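# A closer look at the structure
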Amino acid sequence: MSTSASSPAAAAIAPMIAMEGVEKWYGTFKALTDINLTVRPGEKIVLCGPSGSGKSTLIRCINHLETYEKGRIVVDGVLLDNNPKTIDVVRREVGMVFQQFNLFPHLTVLQNCTLAPMRSRGLARDAAEATARRLLGRVKILDQADKYPAQLSGGQQQRVAIARALCMEPKAMLFDEPTSALDPEMVKEVLDTMIGLAKDGMTMICVTHEMGFARQVADRVIFMSEGAIVEEGPPAEFFQNPRHQRTKKFLGEILPRY
Amino acid sequence: MGTPQIVFLLYGLQWTIILALVAFAGGTVTGLIVALLRTSESRAVSRVTAGYIALFQGTPLLMQLFVVYYALALAGLRLEAWQAVAIGFTLHASAYLGEIWRGSIEAVPRGQVEAAKALSLGYFWRMKDVVLPQAIRISLPATIGFLVQLIKGTSLAAIVGFTELARAGSIISNTTYKPLMAYGVVGIMYFLICWPLSIWGTRLERKFAVATR
Ligand SMILES: Nc1ncnc2c1ncn2[C@@H]1O[C@H](COP(=O)(O)OP(=O)(O)O)[C@@H](O)[C@H]1O
Ligand SMILES: [Mg+2]
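These numbers were taken from a predicted model, which means no experiment stands behind them.

The next point concerns the overall build of chain B. When you go through chain B residue by residue, the secondary structure sums to eight helices and zero strands. Along the chain direction, N to C, the helices and strands of chain B fall in the order α-α-α-α-α-α-α-α. Dimensions of chain B along its principal axes, counting C-alpha atoms only, are 70 × 50 × 25 Å. Counting only contacts in chain B whose residues sit at least 6 apart along the sequence, the fraction spanning at least 24 positions is 75%. For chain B, the distance from the average site of its 17 positive side-chain charges to the average site of its 8 negative ones is 5 Å.

Before going further, it helps to spend a moment on helix 5 (residues 125-138) of chain A. Residues and elements named next belong to chain A. With 14 residues, helix 5 should cover 20 Å at 1.5 Å per step; its first-to-last C-alpha distance of 20 Å lies within 8% of that length. Restricting attention to buried positions, one finds in helix 5 the residues A128, T131, A132, L135 and L136. In a view along the axis of helix 5, the buried residues occupy a sector of 130 degrees, so they form one face of it. Among the exposed residues of helix 5, those pointing more than 90 degrees away from its buried face are D126 and R134. Residues of helix 5 that are buried sit in contact with helix 4 (109-120) and helix 6 (154-166). Trailing helix 5 by a residue or two, K140 shows a phi angle of about 60 degrees, which is positive.

A word on the pairing of strand 8 (residues 203-207) of chain A. Residues and elements named next belong to chain A. Counting buried positions over the five residues of strand 8 gives five, a clear majority of the element. Residues T203, I205 and V207 line one face of strand 8 and the alternating positions M204 and C206 line the opposite face, and both faces are buried. Note: strand 3 (residues 44-48) against strand 8, four bridges, orientation parallel. Residue pairing in the sheet places I45 in a bridge with I205 of strand 8. Following the chain from strand 7 (residues 172-176) across helix 7 (residues 184-199) to the adjacent parallel strand 8, one finds a crossover that is right-handed.

We now examine the packing of helix 5 (residues 110-118) of chain B against helix 6 (residues 123-153) of chain B. All names here are of chain B. As a packed pair, helix 5 and helix 6 sit with axes 10 Å apart at the nearest point and diverge in direction by 165 degrees. Here helix 5 is positioned roughly antiparallel relative to helix 6, judged by the angle of their axes. In the crossing of helix 5 with helix 6, the sense of the turn from one axis to the other is right-handed. Contacts between helix 5 and helix 6 pair Q112, V113, A116 and K117 from the former with R126, V130, V131 and Q134 from the latter. The residue makeup of the contact of helix 5 with helix 6, split by class, is four nonpolar, two polar and two charged.

Residues and elements named next belong to chain A. Position of Y68 among the secondary structure elements: in the loop between helix 2 (55-62) and strand 4 (70-75). Taking the C-alpha atoms as reference points, Y68 and L110, separated by 42 residues in sequence, lie 34 Å from one another. Once you skip the residues sitting within four places of it in the chain, Y68 turns out to touch V22, E23, K24, C61, I73 and L80. At 3.2 Å, the side chain of Y68 forms a polar contact with the backbone nitrogen of I73.

Turning to the site of ligand 1, a few remarks are in order. All names here are of chain A. In the vicinity of ligand 1, the contacting residues are Y26, F29, P50, S51, G52, S53, G54, K55, S56 and T57. Within the side chain of Y26, an N or O atom sits 3.4 Å from a nitrogen atom of ligand 1. Here the shell around ligand 1 is built from residues that sort into three nonpolar, six polar and one charged.

Turning to the state of the cysteines, a few remarks are in order. Residues and elements named next belong to chain A. Tallied over the full model, the rule gives zero disulfides over all chains. A disulfide-free cysteine, C48 has its sulfur positioned 12 Å from the sulfur of C206, the nearest such atom. In this structure C167 is a free cysteine whose sulfur lies 4.4 Å from that of C113, the closest cysteine sulfur available.

Attention shifts here to empty space enclosed by the protein. Applying the stated criterion across every chain, the model contains two cavities of 30 Å³ or more. In this structure, the largest cavity encloses a volume near 60 Å³. For the largest cavity, the full set of lining residues is A:M96, A:V97, A:F98, A:F101, A:A161, A:R164, A:A165, B:A115, B:A118 and B:L119. When residues of the lining of the largest cavity are traced back to their parent elements, those giving at least two are strand 6 (94-97) and helix 6 of chain A together with helix 5 of chain B.

Of all hydrophobic cores here, the largest spans 86 residues; its most connected members are A:I17, A:M19, A:L58, A:I205 and B:F89. Top contributing element to this core by residue count: helix 6 of chain B, with 11 residues. Counting residues in hydrophobic clusters, the runner-up holds 49 residues, among them A:C167, A:L182, A:F213 and A:V230.

To continue, consider the environment of B:I151. Residue and element names in this part refer to chain B. Assignment of secondary structure puts I151 in helix 6. Taking the C-alpha atoms as reference, I151 lies 7.6 Å from C194; in sequence the two are 43 residues apart. Not counting residues within four places of it along the chain, the set of residues in contact with I151 comprises T16, A20, Y190, I193, C194 and L197.

The next subject is the interface of chain A and chain B. Across the boundary between the two partners, chain A contributes 21 residues, which contact 16 residues of chain B. In total, about 1600 Å² of surface goes out of reach between chain A and chain B, with carbon and sulfur atoms giving 62% of it. Here chain A is connected to chain B by two salt bridges. Note that B:D129 and A:R119 form a salt bridge whose closest N and O atoms lie 2.6 Å from each other. Counting across the chain A and chain B interface gives six residue pairs in polar contact (both at pLDDT 80 or more). Elements supplying a minimum of two residues to the side of chain A that touches chain B: helix 3 (84-93), strand 6, helix 4 and helix 6 of chain A. Among the elements that make up the side of chain A that touches chain B, the one with the highest residue count is helix 4 of chain A (four residues).

The rules behind these values
Residues numbered from 1 in each chain as written. Chains lettered and ligands numbered in written order. Predicted model: local features only at pLDDT ≥ 70, side-chain atom pairs only at ≥ 80, totals over all residues. Heavy atoms only, no water. Helix = DSSP H or I, 4+ residues; strand = E, 2+ residues; numbered from the N terminus. Contact = heavy atoms within 4.5 Å. Lys, Arg positive; Asp, Glu negative; His and termini not counted. Charge placed at Lys NZ, Arg CZ, Asp CG, Glu CD. Expected span 1.5 Å × (residues − 1). Buried < 20%, exposed > 50% of the residue type's maximum accessible area, 1.4 Å probe, protein only. Arc of directions from axis to C-beta. Pairing = 2+ DSSP bridges. Right-handed = clockwise from strand over helix to strand, strands pointing away. Axes fitted to C-alpha atoms, helices over the stretch in contact; angles between N-to-C directions. Parallel < 35°, antiparallel > 145°, perpendicular 65-115°, else oblique. Left-handed = near helix turned anticlockwise from the far one by under 90°. Nonpolar A, V, L, I, M, F, W, Y, C, P; charged D, E, K, R; others polar. Polar contact = N/O pair within 3.5 Å; in protein donor to acceptor, adjacent residues only side chain to side chain. Near = heavy atom within 4 Å. Disulfide = S-S within 2.5 Å. 1 Å grid on protein atoms, 1.4 Å probe; cavity = no way out; pocket = protein on both sides within 12 Å on 5 of 7 lines; lining within 4 Å. Points joined across faces, edges and corners; volume = space filled by probe spheres on them. Core = buried A, V, L, I, M, F, W, Y, C linked by side-chain atoms within 4.5 Å. Buried area = accessible area lost by both parts, 1.4 Å probe. Salt bridge = Lys/Arg side-chain N within 4 Å of Asp/Glu carboxyl O.

Here is the structure:
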């Protein structure tokens, strides 16, 4: 960030997220193998692959919900090591949306959205609530601000979770199967919210099997298998001409559904 | 049994309640610390705390009171009887409440901690605003159950010469030669305190069972 004034050209192409040779082990099990991934500011990545292929592990390394043993991860110029200060800096810049929403059940929708800005960024209540209301409006759920999560439908809860993450004004967003726990009729409202976010220029990494969403939004689709990135490309190319056998098999299994 | 005897028993009851409240208050503060250390991400801290809990859960309360009262006296620390029992019961309560609350903290879904971390909430706020409010709700029935045990357990304080309800009862029994009467009244007094608490605990348990179904 400090270099942007002196060399705007360099800053413009500096990656938002860079993973270089990242390796991750759970005990003796290798969950990630030599992950190299560079995400430019504003770029939208869709990450897909069979269950257990390491998609969650990959994006959870980016905000240090998981540690990694080898390689480097740099987020907006900050090298993510095990230093609590760096971890905190990175987590402020990267929002995350979970499959199970993970809203705080004892807090109202509005309180869910103001907690972190007040506690972590030190915002005053008024300022935090103003931001929260603006973003709840953006995900079209402002009228539910004073309800508790349990009073909302799954789709509404996930939209609140998106607003909650946005309230930290992140530079990038990570989505881990945000629609997988939803009833089918609620998938669209969440995807529409994500599409809106993408149009506004947010940098996004989305783990999802919603291939319609991938076609519409993704700059690149990445396919993972057994902890490694097997193949990647622009959606048109990725869906029409998958090169690897495993990609073809995977697409063959999920595409008929769409 | 006349008015003076009843007044004496009420005096004992008063000390039983004060002792239980002091031990519960002291145990709440220290038990919270024990629970947080026990759930620490540091393996060493968690293990040492587990040892502390095991020590107090694995030895009789009576012995713990003896140790605090007599051993500390031998070590040159003269404590009044009420100080010794207050410290003894606080340590006892800290271990039990610590273990109850450890379980409750761990019962809060992992996703809650992860969401808080992802929002860059540090340990203090994560615990204060996200985990503990949920853990306390989960722990309430067991916590109240322990409070009932604690109130009844205070009768052991008699061993170091502290006159609470049970000891007051035995004194009355010895002076009036009516043990059945004396202990009957004492029993009723314990019951009137503990029973409503037990009912309250059971109600909360049922309420939460419905809420999480
Ligand atoms: N905490 C953990 N401990 C041990 N193994 C894990 C843990 N989390 C995930 N794994 C394993 O790592 C692999 C990748 O998991 P994950 O990243 O969740 O896959 P995906 O999100 O693609 O379904 C799986 O084989 C899973 O069993
Ligand atoms: Mg996953």
